[in-house]
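Secondary and tertiary structure notes
The chain contents come next:
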Amino acid sequence: MRDLVVARLYFPVSARASRSRFWHRLSAPALAHHLLKVARRAGIEQAILHHVEMGYLKGQRLSHHHPDAVSMDHPQCLELVDRREIVESFLVDHAAELQQVRVLILSCETPDLAATPA
């Protein structure tokens, strides 16, 4: 069994990454897109941005996904999967951008299916 964890990051669609480059001054990138790119560069084993049909974040109203108009408070969930030390290191490295993000870390077990008797 590997020491895998799942970090689930919850934040609104309107969340933006910090402005780190000149072009970001005009329009900061969406936090979800930015975190996916930096997770890939950091070598995170797996990152998935989940589609949320309906839900709400703490203190917000219930939001429904609609293809024509999305509420700025509509929730998003980015899931990162890797070993605990790698995920925790990623979260520490990007702590400044995650100030308004709710992060949950779930421990996982992955069975060794090749060793399972038939």
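Residues numbered from 1 in each chain as written. Predicted model: local features only at pLDDT ≥ 70, side-chain atom pairs only at ≥ 80, totals over all residues. Heavy atoms only, no water.

**Focus: the overall build of the protein**
The following threshold applies: Secondary structure is summarised from DSSP: a helix means a run of H or I of at least four residues, a strand means a run of E of at least two, and numbering begins at the N terminus for each.
When you go through the protein residue by residue, the secondary structure sums to two helices and six strands. Mapped from its N terminus to its C terminus, the protein presents α and β elements in the order β-α-β-β-β-β-α-β.

**Regarding the sheet that holds strand E5 (residues 75-83)**
Definition in use: Paired strands, as defined in this entry, are two strands with at least two bridges between them according to DSSP. In this analysis, axes come from line fits to C-alpha atoms, helices being fitted only over the stretch in contact, and the angle between any two N-to-C directions falls in the range 0 to 180 degrees. Should any heavy atoms of two residues lie within 4.5 Å, those residues are considered in contact.
Pairing within the open sheet is antiparallel, and its four strands lie in the order E2-E5-E1-E6. The sheet is open, and its two edges are formed by strand E2 (46-50) and strand E6 (102-108), each paired on a single side. When strand polarity is set aside, the average angle formed by the axes of neighbouring strands in this sheet is 20°. Pairing geometry for strand E1 (residues 4-12) and E5, over nine bridges, is antiparallel. For Leu4, the partnering residue across the bridge sits in E5 and is Arg83. Packed on one face of the sheet, helix H2 (residues 84-93) meets E1, E5 and E6 and runs near 135° to E5.

**Quick look at H2**
Filter applied, for reference: For each residue, the accessible area found with a 1.4 Å probe, counting protein chains only, is set against the maximum for its type, and the residue is called buried under 20%, exposed over 50%, and partly exposed in between. Taken from the helix axis, the directions to the C-beta atoms give the arc we talk about.
The set of residues buried in H2 consists of Val87, Phe90 and Leu91. Considered in projection along H2, the buried side chains sweep an arc of 95° and stay on one side of the axis. Exposed and facing more than 90 degrees away from the buried side of H2 are Val92 and Asp93. At its buried positions, H2 is contacted by E1, helix H1 (31-41), E5 and E6.

**Here's the deal with the nonpolar core**
Quick note on the threshold: Here, nonpolar core means buried Ala, Val, Leu, Ile, Met, Phe, Trp, Tyr and Cys residues that are tied together by side-chain atoms lying within 4.5 Å of each other.
If you look at the biggest cluster of nonpolar residues, it comprises 19 residues, and the most contacted ones within it are Leu9, Phe11, Leu31, Leu35, Leu80 and Phe90. Listing elements by their share of this core, those giving two or more residues are E1, H1, E5 and H2. In terms of residue count, the dominant contributor to this core is H1 (five residues). Every residue in contact with Phe11, bar those within four places of it in the chain, is listed here: Leu31, Ala32, Leu35, Leu57, His74, Pro75, Gln76, Leu78 and Val101.

**Observations regarding H1**
Every buried residue of H1 is listed here: Leu31, Ala32, His34, Leu35, Val38 and Ala39. The buried residues of H1 occupy one face: seen down the axis, they fall within an arc of 160°. More than 90 degrees from the buried face of H1, the exposed residues found are Arg40 and Arg41. Here the buried face of H1 lies against E1, E2, E5 and H2. At the exit of H1 stands Gly43, carrying a positive phi of roughly 85°.

**A few points about a nonpolar patch on the surface**
Stated precisely, the cut-off is as follows: Here the term patch refers to residues with relative accessible area over 30% and no salt bridge, with like charges joined within 9 Å and nonpolar side chains (Val, Leu, Ile, Met, Phe, Trp, Tyr) within 5 Å. The protein chains shown are the only cover counted for residues, whose accessible areas, like all others here, come from Shrake-Rupley with a 1.4 Å probe. In what follows, salt bridge is the name for a side-chain nitrogen of Lys or Arg lying within 4 Å of a carboxyl oxygen of Asp or Glu.
Residues Met54, Tyr56 and Leu62 make up a contiguous nonpolar surface patch of roughly 350 Å² in combined accessible area. Tracing the backbone shows Leu62 in the loop between strand E3 (54-55) and strand E4 (63-64). Looking at Leu62, the relative accessible area reads 48%, which means it is partly exposed.

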